[in-house]
Amino acid sequence: MSAHDRHGRRVVVTGLGAISCLGSGVPAFWQGLADGGAAPRPVTDPDARMANRLMYLVPEADVPEGPRRHAHVELGAGPRMAVAAAREAVADAGLDAVLRERLSVVLGVEMGNAGQHEARRSARRDAPTRPAAGTWSPMTVTCAAVSAAIGATGGSTSFGNACAASGYAASVAADMVRAGEADVVLTGGAEGPTRVGMGVFNRIGAADPVACRPFDTDRQGTLFGDGAAMLVLEAAEHAEARGAKVYAELSAAAFSCDAHHPTAPDPGGVQAVRGMRRALAEAGLRPDEVGAVVPHGTGTPLNDVVESEALRAVFGAHCDELPLFSLKAMIGHTAGVAGAFGVLTAALMLHHGQVPANAPVLAQDPRCAVWLPQDGPVPLGVPSVLVNAYAFGGNNVSLALTAAPGRAAAHRDAPGPAAAARPAPARSGPARRDVDLGGAAA
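Residues numbered from 1 in each chain as written. Predicted model: local features only at pLDDT ≥ 70, side-chain atom pairs only at ≥ 80, totals over all residues. Heavy atoms only, no water.

**Points about the overall build of the protein**
Move 1: Counting secondary structure elements, the protein contains 13 helices and 16 strands.
Move 2: Counting the 442 residues in the protein, one finds 59% classified as buried.
Move 3: Here the analysis covers contacts within the protein between residues at least 6 apart in sequence; of these, 81% occur between residues at least 24 apart.
Move 4: For the protein, the accessible surface area stands at approximately 16,500 Å², while carbon and sulfur atoms represent 55% of it. (Helix = DSSP H or I, 4+ residues; strand = E, 2+ residues; numbered from the N terminus. Buried < 20%, exposed > 50% of the residue type's maximum accessible area, 1.4 Å probe, protein only. Contact = heavy atoms within 4.5 Å. Areas by Shrake-Rupley, 256 points an atom, 1.4 Å probe, with all protein chains shown as cover.)

**Topic: the pattern of salt bridges**
Move 1: Scanning the entire structure with this criterion turns up 19 salt bridges.
Move 2: With a shortest N-O distance of 3.0 Å, Arg 312 and Asp 320 are connected by a salt bridge.
Move 3: The exposure class of Arg 312 is buried, given its relative accessible area of 16%.
Move 4: Under the relative-accessibility criterion, Asp 320 is labelled partly exposed at 29%.
Move 5: Connected through salt bridges with shared partners, the residues Arg 9, Arg 102, Asp 183 and Glu 237 form a single ionic network. (Salt bridge = Lys/Arg side-chain N within 4 Å of Asp/Glu carboxyl O.)

**Section: the pairing of strand E9 (residues 184-191)**
Move 1: Of all eight residues in E9, eight are buried, a share of seventy percent or more.
Move 2: Every second residue of E9 is oriented toward a common face, with Val 184, Leu 186, Gly 188 and Ala 190 on one face and Val 185, Thr 187, Gly 189 and Glu 191 on the other, all of them buried.
Move 3: Where strand E7 (residues 104-108) and E9 come together, four bridges link them in parallel fashion. By the bridge assignment for E9, Val 105 is matched with Leu 186.
Move 4: Sheet analysis places E9 next to strand E10 (residues 227-235), joined by eight bridges and oriented antiparallel. Paired with Ala 190 across the strands is Ala 228, a residue of E10. (Pairing = 2+ DSSP bridges.)

**Observations concerning the packing of aromatic side chains**
The description of two aromatic rings rests on the distance between their centres and on the angle between their planes.
Move 1: Across all of its chains, the model carries four aromatic pairs by this definition.
Move 2: Here Phe 29 and Phe 341 contribute two aromatic rings whose centre-to-centre distance is 5.6 Å and whose plane-to-plane angle is 25°, an arrangement assigned as stacked. Note that Phe 29 is positioned in helix H1 (residues 26-34) and Phe 341 in helix H12 (residues 338-352), a separation of 312 residues in sequence. Accessibility assignment for this pair places Phe 29 and Phe 341 in one class, buried. (Phe/Tyr/Trp six-rings, centres within 6.5 Å; stacked < 30°, edge-to-face > 60°.)

**Overview of H1**
Move 1: Within the span of H1, buried status applies to Val 26, Phe 29, Trp 30, Gly 32 and Leu 33. Buried residues along H1 cover an arc of 160° about the axis, so they all sit on one side. Opposite the buried face of H1, at more than 90 degrees from it, the exposed residues are Pro 27 and Ala 34.
Move 2: For H1, the elements touching its buried residues are strand E1 (11-20), helix H2 (77-92), helix H11 (328-331), H12 and strand E13 (354-355).
Move 3: Downstream of H1 by a residue or two, Gly 36 has a phi angle that is positive, lying close to 105°. (Arc of directions from axis to C-beta.)

**Points about the side chain of Ser 20**
Move 1: The topology assignment puts Ser 20 in strand E1.
Move 2: Judged by its relative accessible area of 1%, Ser 20 falls in the buried class.
Move 3: Non-local contacts of Ser 20, meaning those with residues more than four positions away in its chain, are made with Phe 29, Val 58, Pro 59, Asp 226, Gly 227 and Phe 341.

**What about the environment of Arg 87?**
Move 1: Its place among the elements puts Arg 87 in helix H2.
Move 2: Along the backbone, Arg 87 and Ile 150 are 63 residues apart, and their C-alpha atoms lie at a distance of 6.7 Å.

**A short note on helix H6 (residues 165-178)**
Move 1: With 14 residues, H6 ought to run about 20 Å at 1.5 Å a step, and its terminal C-alpha atoms sit 20 Å apart, in line with that.
Move 2: The buried count for H6 comes to twelve of 14 residues, which makes it a mostly enclosed element.
Move 3: Here H6 has its buried residues at Ala 165, Ser 166, Gly 167, Tyr 168, Ala 169, Ala 170, Ser 171, Ala 173, Ala 174, Met 176, Val 177 and Arg 178.
Move 4: Within two residues after H6, Gly 180 carries a phi angle of roughly 80°, on the positive side. (Expected span 1.5 Å × (residues − 1).)

**Considering the pairing of strand E15 (residues 384-391)**
Move 1: The element E15 is extensively covered by neighbouring structure, given that eight of its eight residues are classed as buried.
Move 2: Covered by surrounding structure in E15 are Ser 384, Leu 386, Asn 388 and Tyr 390 together with Val 385, Val 387, Ala 389 and Ala 391, the residues of both alternating faces.
Move 3: Here strand E12 (residues 292-294) pairs with E15 via three bridges, running parallel. Bridge assignment links Ala 292 to a residue of E15, and that residue is Val 385.
Move 4: Two elements, E15 and strand E16 (residues 395-403), share eight bridges in a ladder whose sense is antiparallel. In the strand pairing of E16, Val 385 is matched with Leu 401.
Move 5: Hairpin remark: E15 followed by E16, antiparallel, with three residues in the connecting loop; positive phi at Gly 393, about 80°.

**Concerning the nonpolar core**
Move 1: In terms of nonpolar packing, the biggest core is built from 77 residues, with Phe 29 and Leu 401 touching the most fellow members.
Move 2: Ranked by the residues each element gives to this core, the list is headed by H12, at nine residues.
Move 3: The contacts of Leu 401, once residues within four sequence positions are left out, are Ala 248, Glu 249, Leu 250, Ser 251, Val 343, Ala 346, Ala 347, Leu 350, Pro 383, Ser 384, Val 385 and Val 387.
Move 4: Listed in part, the 31 residues of the second largest apolar core include Val 63, Leu 75, Ala 85 and Val 184. (Core = buried A, V, L, I, M, F, W, Y, C linked by side-chain atoms within 4.5 Å.)

**Observations concerning the environment of Pro 67**
Move 1: Position of Pro 67 relative to the elements: it lies in the loop between strand E4 (54-55) and strand E5 (69-70).
Move 2: Residue Pro 67 is classed as partly exposed on the basis of its relative accessible area, which comes to 25%.
Move 3: Along the primary structure Pro 67 and Met 81 are separated by 14 residues, whereas in three dimensions their C-alpha atoms are 9.4 Å apart.

This is the structure in structure tokens:
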């Protein structure tokens, strides 16, 4: 359902919360992006016995100490960061006790409490393989822990479809608001460091030995990051009635599925194109009415080429002046929460009216014919941002955000970018049509 559906309500973003490798809190996140992002460092887990131990890690001082448990379940870093980011988001939105009680929670989480499970296994290395009765602990506890911590009783659900999970969650949360099922919904996701996540990408040869380098000729895969991103979505009239601050409007979202391969994207990018076009159509936006894109851009060889060609198919010549913000180059690939971090970043870009400079791309792949501004922030001349999130299984979601109601006119009256748009690199033929492990879509 779109923002322009006559039976739907408009959905706005009224609260944000974040913990990432850039620090704790949304101000630290935005400042960290402006400063050029973080660098990966080795995980300290002695049982992470793998060739590549690099990850974009949340600083130890910023990992919350609690809550340590939800009922009998011990909580690892991921759920604890989720609770902290959720508390920041609902406080930022100014939700009182009554609104918090009515709040629904819809999250996208892939690894959940896996880090805590790994820690328990490490601590009981010499114990029998089969644990004693009564020690069972679910991995999918994050959403329940968040709901309990903030007192939300309006409903609690979680998506786990790999690295598109929190993008799907944001879309479903927005549909709940549009359909009148809820006035306010908390959405987002969280992931902690896990050996299994890192190990999988080591095993399939999709972990870059240097950094997460999307669109770079020398990229060799992705690197994970941990953290949490939360957004409060609210019916526009409800937010206006209570005088809430509004960051942006979540105008539309669209799903598609490649139905092609368990891990690699469809080299033709047909469904990625379809998802983007549907999102723009439902938002009532022409391709030239999009001011920036937060791409999925993981750094895996095939993914970046396929997405670049899909963007060229959707936006045509507008790609030459359409700034992309390569978020994963700054915070790593945050798995299930990647989509939520993309939406949160887009909301901040609309709120501040600019696209931060990208991390340096030493040699851009000529097959990735997109514009990645690197010399400084670019004014957001058109008040709309498209966010892509793709995943294993061919799961695709694209979300369109626009300026907060009442701010679009200010964007239209603002001067355009100070510097001329830079032409994208010359294209040198289509993406590879073979399927290899380096093309992992997650």
